[in-house]
Every structure is written in structure tokens, then in C-alpha cells.
Amino acid sequence: MFNDIGALELVTIVVLAILIFGPDKLPKVIQDVTGVIRKIRAFSDSAKQDIRSELGPEFKDFEFEDLNPKTFLRKQLGENEDLKEIRSTFDLRKELNDVTDAVNGREADAAPTASAAPAATGPDLLKKPAAPAAEQRTPYDADAT
């Protein structure tokens, strides 16, 4: 639950708790908080057992963690053999290099060189386009914005 709390954050929480509750009341507050957490866990476990018993025997393998979308997708996609094959053949770095070469106008098989000029087949996407002439600009309408 608190996997990302570091030592500095923990020390800060302890110091704040001592300042807010005082050293005399702090043990009682900690006992009260842990008691509430235990009651919440017991209530949650009881509710899970009630739901499992109401669903019947056909849902005996039902896990509440499967309702989390990440877990559900990971479980469904992890069992598919076709996706495992696609993942093993897909090279993201090569695909990104091919896209970069296409955008820069270089051939996919050619080695990148410093003197390689972009192809003349399309506009140069790296250059900033020139500002349109005054008569080509669309009029600004203050009421429309």
C-alpha cells in the first residue's frame, strides 16, 4: 500500500504525529488507528466471503483482484500464444528508427551520414514554414474567441 514512502517521508510523518498529538497521547492514537484498520479488514474479508457464498459454486475460482482492469488485461493478454509470438518478433527500436528515417527523408536501408540531404519528394518538416502574406492571413475575430 505504501511502497513509495521513503525514509525522509516516514520521519516527517513521525515528527508531525509527535507535534500534533504529543508524546503522551501518541501510543493511544496508534492503538486506535490500528484497531480501526483491523475492523476495516475484517469487514472487507467478511463481505468478500458473503459475495463468494452468494455467487455459488460456479464462481469458486473468482478473485476480486481480477476486477482490476490492469490485472484483467494482463491475465487475458498473457495467456494468448499469438500475442507472445508477436511480442517476440516485434523490435520497437528498429520500428522507431524506420519512422525517423522516413520523416527525415532517408532511405530505411541506408546508413545515416552527416551529409545526407532530405529527399525532394515532400516538404521539409524540419524547417519552419514562412509566415503567410498579409492578404492570405485570416482575419482575427475577437467575438469568436
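Residues numbered from 1 in each chain as written. Predicted model: local features only at pLDDT ≥ 70, side-chain atom pairs only at ≥ 80, totals over all residues. Heavy atoms only, no water.

1. Looking at the overall build of the protein
Step number 1: Secondary structure summary: the protein contains four helices and zero strands in total.
Step number 2: The buried share of the protein, reckoned over its 145 residues, is 4%.
Step number 3: Of the roughly 13,600 Å² of accessible surface on the protein, a fraction of 61% belongs to carbon and sulfur atoms. (Helix = DSSP H or I, 4+ residues; strand = E, 2+ residues; numbered from the N terminus. Buried < 20%, exposed > 50% of the residue type's maximum accessible area, 1.4 Å probe, protein only. Areas by Shrake-Rupley, 256 points an atom, 1.4 Å probe, with all protein chains shown as cover.)

2. Focus on the pattern of salt bridges
Step number 1: The final tally for this structure, using the stated rule, is three salt bridges.
Step number 2: Linking K28 and D32 is a salt bridge whose minimum nitrogen-to-oxygen distance equals 3.2 Å. Of this pair, K28 and D32 both sit in helix α1 (residues 7-55), separated by four residues, roughly a single helical turn.
Step number 3: Using a relative accessible area of 40% as the deciding quantity, one classes D32 as partly exposed. (Salt bridge = Lys/Arg side-chain N within 4 Å of Asp/Glu carboxyl O.)

3. Details of helix α4 (residues 92-104)
Step number 1: Taking 1.5 Å of rise per residue, 13 residues should cover 18 Å, and α4 covers 18 Å from first to last C-alpha, within 8% of that figure.
Step number 2: In the segment just after α4, G105 is the residue with positive phi, at about 85 degrees. (Expected span 1.5 Å × (residues − 1).)

4. Observations concerning α1
Helical geometry note: an α-helix holds 3.6 residues per turn, so side chains three or four residues apart project in the same direction.
Step number 1: In a regular helix each residue adds 1.5 Å, so 49 residues correspond to 72 Å; α1 covers only 44 Å between its end C-alpha atoms and thus falls short of that length.
Step number 2: At K25, α1 shows its largest bend, some 100 degrees, and a proline, P27, comes one to four positions later.
Step number 3: Of the positions making up α1, those classed as buried are A17, G22 and L26.
Step number 4: Once α1 ends, the next one or two residues include G56, with phi positive near 100 degrees. (Bend = angle between axes of the 7 residues up to and from the residue.)

5. With respect to the confidence of the model for the protein
Step number 1: Per-residue pLDDT for the protein averages 78, and the proportion of residues at 70 or more is 73%.
Step number 2: Mean pLDDT per element in the protein: helix α3 (residues 81-89) is the minimum at 69, and α1 is the maximum at 91.
Step number 3: When the criterion is pLDDT under 50, residues 114-119 qualifies, and its contacts beyond four places in sequence or with other chains add up to four contacts. (pLDDT = per-residue confidence, 0-100. Contact = heavy atoms within 4.5 Å.)

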